[in-house]
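# Structure assessment
One letter stands for each residue in the lines below.
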Amino acid sequence: MNGRRKKIKILVDGRWFDNRYSGVTTSIKGLYNALALDPDFEITVIGSNIENLKNNFKSNITFIHLSVRSKFKWLYYDIPKIIKSEKYDFAHFQYICPLNRKCKYIVTLHDLLFLDYKKSFPIRFIIKNTILFYLSAKKADILL
């Protein structure tokens, strides 16, 4: 090595930018555009709408294109395969992360309104998300 520290490699699940904007996209955009200014970090955002990602993130962030398929196959097969092959130090997910750990996971749970306002949500949504959010929170090395 040339005396410089190894960069911390972070993979960000950017599929939230494939559809509509929300508080989730605003949060991810702000966090990683700021972090990308630090030369100790190497940020990669993965998504299917690369043009949208390029319009939202600084040029020193790299992008990986994955075609839109089943979100569970994407999350539980494609992303872990990329994490392993590219040797990421961290992977950041919103709400749900892969159950098979390939690096350290950061999971952000932006809101849990469905737990407090059960009558406002379908029962299948409540059951599915209660289980998946709980499992992801348990897998997270960093929980936000």
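Nothing here was measured: the structure is a model prediction, and the numbers come from that model. (Residues numbered from 1 in each chain as written. Predicted model: local features only at pLDDT ≥ 70, side-chain atom pairs only at ≥ 80, totals over all residues. Heavy atoms only, no water.)

### Overview of the overall build of the protein chain
Broken down by element type, the protein chain carries 5 helices and 6 strands. Walking the protein chain from its N terminus toward its C terminus, one meets helices and strands in the order β-α-β-α-β-α-β-β-α-α-β. Its C-alpha atoms give the protein chain a radius of gyration of 16 Å, within 12% of the compact-globule value 15 Å for 144 residues. C-alpha atoms of the protein chain, sized along the principal axes, occupy 60 × 30 × 25 Å. In the protein chain, which comprises 144 residues, the share counted as buried stands at 40%. For the protein chain, restricting intrachain contacts to residue pairs at least 6 apart in sequence, the fraction spanning at least 24 positions comes to 54%. Here the protein chain has roughly 8,600 Å² of accessible surface; of this, 58% comes from carbon and sulfur atoms. Seen as two clouds, the 25 positive and the 12 negative side-chain charges of the protein chain have centres 5 Å apart. (Helix = DSSP H or I, 4+ residues; strand = E, 2+ residues; numbered from the N terminus. Rg over C-alpha atoms; globule rule 2.2 N^0.38 Å. Buried < 20%, exposed > 50% of the residue type's maximum accessible area, 1.4 Å probe, protein only. Contact = heavy atoms within 4.5 Å. Areas by Shrake-Rupley, 256 points an atom, 1.4 Å probe, with all protein chains shown as cover. Lys, Arg positive; Asp, Glu negative; His and termini not counted. Charge placed at Lys NZ, Arg CZ, Asp CG, Glu CD.)

### As for the pattern of salt bridges
Tallied over the full model, the rule gives 3 salt bridges. Between Arg-15 and Asp-13 there is a salt bridge whose closest N-O contact spans 2.7 Å. Owing to a relative accessible area of 17%, Arg-15 belongs among the buried residues under this scheme. Here Arg-101 makes a salt bridge to Asp-141, at a shortest N to O gap of 2.7 Å. Remark: Asp-141 occurs in the loop between helix 5 (123-139) and strand 6 (142-143) and Arg-101 occurs in the loop between strand 4 (90-94) and strand 5 (104-108); sequence separation between them is 40 residues. Look at Arg-101 and you get partly exposed, because its relative accessible area is 38%. (Salt bridge = Lys/Arg side-chain N within 4 Å of Asp/Glu carboxyl O.)

Spatial relationships are all this shows, so hold off on functional conclusions.
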